[in-house]
Amino acid sequence: MLRIGCHLSSSKGFLAMGKEAVKIGANTFQFFTRNPRGGRAKELNLEDIAAYRSFAEEHKIAEILAHAPYTLNACAKDQELRQFAYDTMCDDLSRLEYLPGASYNFHPGSHVKQGAETGVQLISEMLNKINEKGYGTMILLETMAGKGTEMGRNFEELQEIIDQVEDTSRLGVCMDTCHVFDGGYDIVEHLEQVLQEFDAVIGVERLKAMHLNDSIYGLGSHKDRHEKIGEGKIGLKTFGAIVNHPKLKNLPFFLETPNDLEGYKREIAILREIADASN
Ligand code: FE
Ligand code: FE
Ligand code: ZN
């Protein structure tokens, strides 16, 4: 069965998110580990987590995705900002030990005119340092649209990071459809070639999740503006090809489209409708 969900607000806790997911026909979901702009995380509520875990088991919710605050910059120029990114990620990952099976997605960072090579080096250094802590959670690098000095603008740049990480057994990639399209990968006309390229450069076994977003702007625009499914430049047909693709259909899919819960419910229903019955 298609594993699909959307981004949910974590303000009311895990059980509330689980219930919301079920209400909208989802069997997974994504959430920010804390305010997306950073800042302190709420105290862990172990009772809420225990209640969530039994609810999730009962309702077959799995492969949920935690999203790091997008202001974290693992390759910031300022050492204090890099330390902040490291401390925050460690704090997030130590909390995620209570949610086995969840993955942790983060934006690789912005090299802020230090050059992509320095960016790659700083990000992989941080991942190596995090690995020393021995957390059990799978960490995912998100494919980015290449806005400004954003890292992860193409598959090669992600692989350069992965190449410099010593233990990659818990390192994967989350592909965001809006970002790769904005980054210049034509998933509308050439999905198969894009996937072949991903496989040749990174390896498709490294792909662990997908963000399903349509895009307001066109191919190669580097803008990163999400649109509702079927209402942007990517279009419903491509999302149908994605959720039915043999290399992708078993991945968890997450909507990050501009929607309220009703809108997400509709999009999930549409995608379930166009997914093959075999999935
Ligand atoms: Fe993201
Ligand atoms: Fe995304
Ligand atoms: Zn985005």
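First, a word on scope: everything that follows refers to the structure included in this document.

Further remarks concern the overall build of the chain. When you go through the chain residue by residue, the secondary structure sums to nine helices and 10 strands. For the chain, the spread of C-alpha atoms along the principal axes amounts to about 50 × 50 × 30 Å. Residues classed as buried in the chain amount to 54% of the 279 residues present. Relative to all contacts within the chain whose residues are 6 or more apart in sequence, the contacts with residues 24 or more apart total 76%. Carbon and sulfur atoms provide 48% of the accessible area of the chain, an area that totals close to 12500 Å². Here the chain contributes 31 positive and 42 negative side-chain charges, whose respective centroids are spaced 5 Å apart.

Moving on, we come to the pairing of strand 4 (residues 103–106). The side-chain alternation of strand 4 yields two buried faces, one formed by Ser-103 and Asn-105 and the other by Tyr-104 and Phe-106. Strand direction decides the pairing type here: strand 3 (residues 65–67) and strand 4, joined by three bridges, are parallel. Each residue of the ladder has a partner; that of Leu-65, found in strand 4, is Ser-103. In terms of handedness, the path from strand 3 via helix 3 (residues 79–96) over to strand 4 forms a crossover that is right-handed.

Distances from the iron ion (ligand 2) to its protein donors, Glu-142 (OE), Asp-176 (OD), His-211 (ND1) and Glu-256 (OE), fall at 2.0 to 2.2 Å. If you look at the iron ion (ligand 2), its four donor atoms make angles of 83 to 171° with each other, and the shape they trace is irregular. Every donor residue of the iron ion (ligand 2) comes from the same chain, spaced as E-x33-D-x34-H-x44-E. The iron ion (ligand 1) is placed at 3.3 Å from the iron ion (ligand 2), the two being bridged by Glu-142. Remark: His-211 occurs in strand 7 (residues 207–212) and Asp-176 occurs in strand 6 (residues 171–176); sequence separation between them is 35 residues.

Quick look at the coordination of the zinc ion (ligand 3) now. For the zinc ion (ligand 3), the full set of protein donor atoms is His-179 (NE2), Asp-224 (OD) and His-226 (NE2), and the range of their distances to it is 2.0 to 2.3 Å. Between consecutive donors of the zinc ion (ligand 3), the numbers of intervening residues give the motif H-x44-D-x1-H. The iron ion (ligand 1) is placed at 5.4 Å from the zinc ion (ligand 3). Here His-226 lies in strand 9 (residues 226–227) and His-179 lies in helix 6 (residues 177–182), a separation of 47 residues in the sequence.

Now for the packing of helix 1 (residues 14–23) against helix 2 (residues 46–58). Closest axis-to-axis distance for the helix 1/helix 2 pair is 7 Å, and the angle between their directions is 25°. The orientation of helix 1 with respect to helix 2, classified from their angle, is roughly parallel. Between helix 1, through Phe-14, Leu-15, Gly-18, Lys-19 and Val-22, and helix 2, the contact on the second element is made entirely by Asp-48, Ile-49, Ala-51, Tyr-52 and Phe-55. Counted by class, the contact of helix 1 with helix 2 contains seven nonpolar, one polar and two charged residues.

On to helix 5 (residues 155–163). Three or more residues of helix 5 are buried, namely Phe-155, Glu-157, Leu-158, Gln-159, Ile-161 and Ile-162. Buried residues along helix 5 sit against helix 4 (116–131), strand 5 (138–142), strand 6, helix 6 and helix 7 (191–201).

Moving on to the environment of Asn-213. Tracing the backbone through its elements, the reader meets Asn-213 in the loop between strand 7 and strand 8 (214–215). A residue is classified by how much of its surface remains accessible, and Asn-213, at 0% relative accessible area, is buried. For Asn-213 and Gly-235, which are 22 residues apart along the polypeptide, the C-alpha to C-alpha distance reads 9.7 Å. At 3.4 Å, the side chain of Asn-213 and the backbone nitrogen of Thr-257 are in polar contact.

For the rest of this paragraph, the subject is the environment of Tyr-98. Inspection of the secondary structure assignment puts Tyr-98 in the loop between helix 3 and strand 4. Residue classification places Tyr-98 among the partly exposed residues on the basis of a relative accessible area of 37%. Sequence-wise, Tyr-98 and Thr-137 are 39 residues apart; in three dimensions their C-alpha atoms are separated by 9.9 Å. With residues up to four places along the chain from it excluded, the contact list for Tyr-98 reads Leu-44, Leu-46, Ile-49 and Arg-53.

Turning our attention to the packing of aromatic side chains. In total, this model carries seven aromatic pairs according to the counting rule given. Between the aromatic rings of Phe-155 and Tyr-185, the centroid separation amounts to 4.0 Å while the plane-to-plane angle is 10°, which identifies the pairing as stacked. With Phe-155 in helix 5 and Tyr-185 in the loop between helix 6 and helix 7, this residue pair connects regions lying 30 residues apart in the sequence. Tyr-185 carries the same exposure label as Phe-155, and that label is buried. Linked through ring pairs, Phe-14, Phe-29, Phe-31 and Tyr-52 together constitute an aromatic cluster. Here the basic side chain of Lys-223 rests over the ring of Tyr-217, its NZ or CZ set 5.0 Å away from the ring centre.

Reading the values: rules and limits
- Residues numbered from 1 in each chain as written.
- Chains lettered and ligands numbered in written order.
- Predicted model: local features only at pLDDT ≥ 70, side-chain atom pairs only at ≥ 80, totals over all residues.
- Heavy atoms only, no water.
- Helix = DSSP H or I, 4+ residues; strand = E, 2+ residues; numbered from the N terminus.
- Buried < 20%, exposed > 50% of the residue type's maximum accessible area, 1.4 Å probe, protein only.
- Contact = heavy atoms within 4.5 Å.
- Areas by Shrake-Rupley, 256 points an atom, 1.4 Å probe, with all protein chains shown as cover.
- Lys, Arg positive; Asp, Glu negative; His and termini not counted.
- Charge placed at Lys NZ, Arg CZ, Asp CG, Glu CD.
- Pairing = 2+ DSSP bridges.
- Right-handed = clockwise from strand over helix to strand, strands pointing away.
- Donors = N, O, S within 2.8 Å, 3.2 Å for Na, K, Ca; no water.
- Tetrahedral: all angles 85-135°; square planar, octahedral: opposite > 155°, others 65-115°.
- Axes fitted to C-alpha atoms, helices over the stretch in contact; angles between N-to-C directions.
- Parallel < 35°, antiparallel > 145°, perpendicular 65-115°, else oblique.
- Nonpolar A, V, L, I, M, F, W, Y, C, P; charged D, E, K, R; others polar.
- Polar contact = N/O pair within 3.5 Å; in protein donor to acceptor, adjacent residues only side chain to side chain.
- Phe/Tyr/Trp six-rings, centres within 6.5 Å; stacked < 30°, edge-to-face > 60°.
- Lys NZ or Arg CZ within 6 Å of the ring centre and 35° of its normal.

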